[in-house]
Amino acid sequence: MKVEQIYTGCLAQGAYYIVSENEAAIIDPLREVKPYLDRLEKDGVTLKYIFETHFHADFVSGHLDLSKKTGAPIVYGPTAQPEFEAIIAEDSQIFEIGKVKIKALHTPGHTMESTTYLLIDEKGVETAIFTGDTLFLGDVGRPDLAQKAGSITQEDLAGILYDSLHTKIMPLDDSITVYPAHGAGSACGKNMQKETVDILGNQKRTNYALNQPDKESFIREVLDGLTAPPKYFGMNVAMNKGGYESLDAVMDKGLTAVSVEDFEAFAEETGALILDTRSPGEFYKGFVPNSVNIGLKGDFAPWVGTLIVDVKHPLLLIVDEGMEEEAITRLSRVGFDNVLGYLKGGFEAWKSSGKETDEVKRISSAEFAELYNENSKVIDVRKISEYSAEHIDNAYNKPLDVISDWVHTIDDSEHFFLHCAGGYRSMIAASILNSNGIRNFTEIEGGFGAIKKTEKFPTSDFVCQSKTM
């Protein structure tokens, strides 16, 4: 028997590949299925089942393409109602893969169809659970995503989740390995550990949610501090439940090299958003006017989903040479399939053509130290928890994830400094501000991390972020 965790850091997502004898199963696959097909071919095994723990909200699963390419059926837990052919497992139903068994444990709460899969080895020993978003390391799945007005509330779901954990998960042996669907950095939880694998006994001891004295305390603590989920989540659920265009077709359309002249015309005719995926360090020096910078080398896909929201919005890409396929793949993971093409020759081609360019004023933290005084206005675009932990005294906290709520409140007649933690998010904010006609600001390279090293700025007392969630 072989169990492999296939972890994708930019999404903080874990898919799982299980092999026994000449058969395999895959749990919660990503949108691009070629890596799985390559593994199957290399191991000389047949994919028998594709297991889905629930209808995912934060990414588009590869279940449909993988099923079409392999013939393997898709399995969901009880109550799931996909709009395509699938096996809807009964609670405690057993599935055989080679000499091992996988038992479906219905664990509603995060969503009503959420299911944990229990792996039973060749000797009949229960060895691992694939918990999806039911149980994370250090946390449990947020119970506010599947609430429905007038029928079920987040409090109801949290109570259901408590029952699932205490009747299906907690009675299992402490030695069982826990394989969650997500790790630290995912918006599906608020207190996840950086590790991606643990044993159940350790989670019973250390996971705050599993150590509440009663259901009422559990509900209160699990719901406390939850921020609003990204708005694209609902669209991803709809795609996972209802189906989507094959990635092959998405790639064929998106991998269209567009000349400078056609690129400009496309943008005007279609209303497409120009998405510049270069690094912040390159973007600020020069870019196509009104383009938005979300760097590919970062939490690219989640930020695209959070800020653009509408997965059907047409996109035109500016990418570093050779990164076109990577950009389209990562966009597809969160459902952004409407890529019309990319600028042939990248930004350099645009610049060489003599077209108008724009730039962001960026300074170092040392330069900021020289320019800063008690009358300086500073906007900090980090998360509330980061800001609460420590910040420049009198800085305004305007988190990037809700920039659409505050961008139009900015007074462009008053200069301000802009920063995040390291420069990635502040350049995203800078590009959005710029595209909204707000230009009277200066972005700080290196963000708060670099600012602190200058030791000039008065800051609030440091508070551990785990206490501010």
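As shown above, the structure is provided for reference.
### A few points about the nonpolar core
Turning to step 1, where the next piece is worked out: One finds Ile294, Leu317, Leu331, Leu418 and Leu433 to be the most contacted residues of the largest nonpolar core, which totals 79 residues.
Turning to step 2, where the next piece is worked out: Considering every element that reaches this core, the biggest residue donor is helix 16 (residues 424-435), with seven residues.
Turning to step 3, where the next piece is worked out: Not counting chain neighbours up to four residues away, the residues in contact with Ile294 comprise Leu275, Asp276, Thr277, Phe300, Trp303, Val304, Leu307, Tyr424 and Ile428.
Turning to step 4, where the next piece is worked out: In terms of nonpolar packing, the next biggest core, distinct from the first, is built from 20 residues, Ile120, Leu135, Val140 and Tyr162 among them.

### As for unusual backbone geometry
Turning to step 1, where the next piece is worked out: Phi at Ala12 takes a positive value of approximately 50°, unusual for a residue other than glycine.
Turning to step 2, where the next piece is worked out: Mapped onto the elements of the fold, Ala12 is located in the loop between strand 1 (2-8) and strand 2 (13-20).
Turning to step 3, where the next piece is worked out: For Ala12, a relative accessible area of 3% gives the class buried.
Turning to step 4, where the next piece is worked out: For Glu455, which is not glycine, the phi torsion reads 60° and is therefore positive.
Turning to step 5, where the next piece is worked out: Turning to its location among the elements, Glu455 is positioned in the segment after helix 17 (447-454).
Turning to step 6, where the next piece is worked out: Taking relative accessible area as the criterion, Glu455 reaches 73% and is therefore assigned exposed.

### Brief notes about the layout of surface pockets
Turning to step 1, where the next piece is worked out: Looking at the second largest pocket, its volume works out to about 460 Å³.
Turning to step 2, where the next piece is worked out: Taken together, 19 residues line the second largest pocket, and the ones lying closest to its centre are Phe55, Thr111, Glu113, Ala146 and Lys148.
Turning to step 3, where the next piece is worked out: Among the residues making up the lining of the second largest pocket, the classes are represented as nine nonpolar, seven polar and three charged.

### Observations regarding the pattern of salt bridges
Turning to step 1, where the next piece is worked out: According to the stated counting rule, one finds 24 salt bridges in the structure shown.
Turning to step 2, where the next piece is worked out: Between Glu443 and Arg362 there is a salt bridge, with the nearest N and O atoms lying 2.6 Å from each other. In this pair, Glu443 is assigned in strand 22 (residues 441-444) and Arg362 in strand 18 (residues 362-363), connecting sequence segments 81 residues apart.
Turning to step 3, where the next piece is worked out: The class for Glu443 is buried, based on a relative accessible area of 0%.
Turning to step 4, where the next piece is worked out: Glu386 is the partner of Arg425 in a salt bridge, and the nearest nitrogen-oxygen pair spans 2.8 Å. Taken as a pair, Arg425 in helix 16 and Glu386 in helix 14 (residues 384-389) lie far apart in primary sequence, 39 residues in all.
Turning to step 5, where the next piece is worked out: Residue classification places Glu386 among the buried positions, given a relative accessible area of 11%.

### Re the sheet that holds strand 16 (residues 315-318)
Turning to step 1, where the next piece is worked out: Here five strands make up an open sheet; going across it, the order is 13-17-16-14-15 and the pairing parallel. For this open sheet the edge positions go to strand 13 (257-258) and strand 15 (292-293), each flanked by a neighbour on one side alone.
Turning to step 2, where the next piece is worked out: Of the pairings in the sheet, the one linking strand 14 (residues 273-276) to strand 15 comprises two bridges and is parallel in character. Across the sheet, Leu275 pairs through a bridge with Val292, a residue of strand 15.

### Considerations on the packing of aromatic side chains
Turning to step 1, where the next piece is worked out: Inspection of every chain in the model, using the stated rule, returns 16 aromatic pairs.
Turning to step 2, where the next piece is worked out: Judged by centre distance (5.2 Å) and plane angle (10°), the rings of Phe130 and Tyr179 are stacked. Of the two residues, Phe130 is situated in strand 10 (residues 126-132) and Tyr179 in strand 11 (residues 177-180); the sequence distance between them amounts to 49 residues.
Turning to step 3, where the next piece is worked out: Seen from their ring centres, Phe368 and Tyr372 are 5.6 Å apart, and the 70° between their planes marks the pair as edge-to-face.
Turning to step 4, where the next piece is worked out: Residue Tyr372 is classed as buried on the basis of its relative accessible area of 13%.
Turning to step 5, where the next piece is worked out: Every member of this aromatic cluster is reached through a ring pair, and the members are Tyr49, Phe51, Phe95 and Tyr117.
Turning to step 6, where the next piece is worked out: One cation-aromatic arrangement involves Arg31 over Tyr244; the distance from NZ or CZ to the ring centre is 4.5 Å.
Turning to step 7, where the next piece is worked out: The positively charged end of Arg362 is found above the aromatic ring belonging to Tyr284, 5.3 Å away from the centroid.

### A look at the packing of helix 7 (residues 247-254) against helix 11 (residues 324-332)
Turning to step 1, where the next piece is worked out: Two elements in contact, helix 7 and helix 11, have axes whose closest approach is 10 Å; the angle formed by their N-to-C orientations is 135°. Comparing their axes, helix 11 and helix 7 come out oblique. Of the two possible hands of crossing, helix 7 and helix 11 adopt the one that is right-handed. Counted together, Leu247, Val250, Met251 and Gly254 of helix 7 and Glu325, Ile328, Thr329 and Ser332 of helix 11 form the full contact between these two elements.
Turning to step 2, where the next piece is worked out: Of the residues that constitute the contact of helix 7 with helix 11, the class distribution is four nonpolar, three polar and one charged.

### Quick notes on helix 11
Turning to step 1, where the next piece is worked out: The buried fraction of helix 11 amounts to seven of the nine residues, a majority that puts the element mostly inside the structure.
Turning to step 2, where the next piece is worked out: Along helix 11, the positions that sit buried rather than exposed are Glu324, Ala327, Ile328, Thr329, Arg330, Leu331 and Ser332.

### What to know about the sheet that holds strand 19 (residues 378-380)
One key point about sheets: their strands pair by backbone hydrogen bonds, in either a parallel or an antiparallel sense.
Turning to step 1, where the next piece is worked out: Here five strands make up an open sheet; going across it, the order is 18-22-21-19-20 and the pairing parallel. Since the sheet does not close on itself, it has two edges, and those belong to strand 18 and strand 20 (396-397), each with one partner.
Turning to step 2, where the next piece is worked out: Pairing of strand 21 (residues 416-419) with strand 22 involves three bridges; the strand directions are parallel. The residue bridging Leu418 from the neighbouring strand is Glu443, located in strand 22.
Turning to step 3, where the next piece is worked out: Where helix 16 meets the sheet, it contacts strand 18, strand 21 and strand 22, and its direction lies at approximately 135° from that of strand 21.

### Let's talk about a negative patch on the surface
Turning to step 1, where the next piece is worked out: A contiguous patch of negative charge, built from Glu261, Asp262, Glu268 and Glu269, is present on the exposed surface.
Turning to step 2, where the next piece is worked out: When you line up the elements, Glu268 lands in helix 8 (residues 260-270).

Parameters and conventions
Residues numbered from 1 in each chain as written. Predicted model: local features only at pLDDT ≥ 70, side-chain atom pairs only at ≥ 80, totals over all residues. Heavy atoms only, no water. Core = buried A, V, L, I, M, F, W, Y, C linked by side-chain atoms within 4.5 Å. Buried < 20%, exposed > 50% of the residue type's maximum accessible area, 1.4 Å probe, protein only. Helix = DSSP H or I, 4+ residues; strand = E, 2+ residues; numbered from the N terminus. Contact = heavy atoms within 4.5 Å. 1 Å grid on protein atoms, 1.4 Å probe; cavity = no way out; pocket = protein on both sides within 12 Å on 5 of 7 lines; lining within 4 Å. Points joined across faces, edges and corners; volume = space filled by probe spheres on them. Nonpolar A, V, L, I, M, F, W, Y, C, P; charged D, E, K, R; others polar. Salt bridge = Lys/Arg side-chain N within 4 Å of Asp/Glu carboxyl O. Pairing = 2+ DSSP bridges. Phe/Tyr/Trp six-rings, centres within 6.5 Å; stacked < 30°, edge-to-face > 60°. Lys NZ or Arg CZ within 6 Å of the ring centre and 35° of its normal. Axes fitted to C-alpha atoms, helices over the stretch in contact; angles between N-to-C directions. Parallel < 35°, antiparallel > 145°, perpendicular 65-115°, else oblique. Left-handed = near helix turned anticlockwise from the far one by under 90°. Patch = residues over 30% accessible without salt bridge, like charges linked within 9 Å, V, L, I, M, F, W, Y side chains within 5 Å. Areas by Shrake-Rupley, 256 points an atom, 1.4 Å probe, with all protein chains shown as cover. Lys, Arg positive; Asp, Glu negative; His and termini not counted. Charge placed at Lys NZ, Arg CZ, Asp CG, Glu CD.

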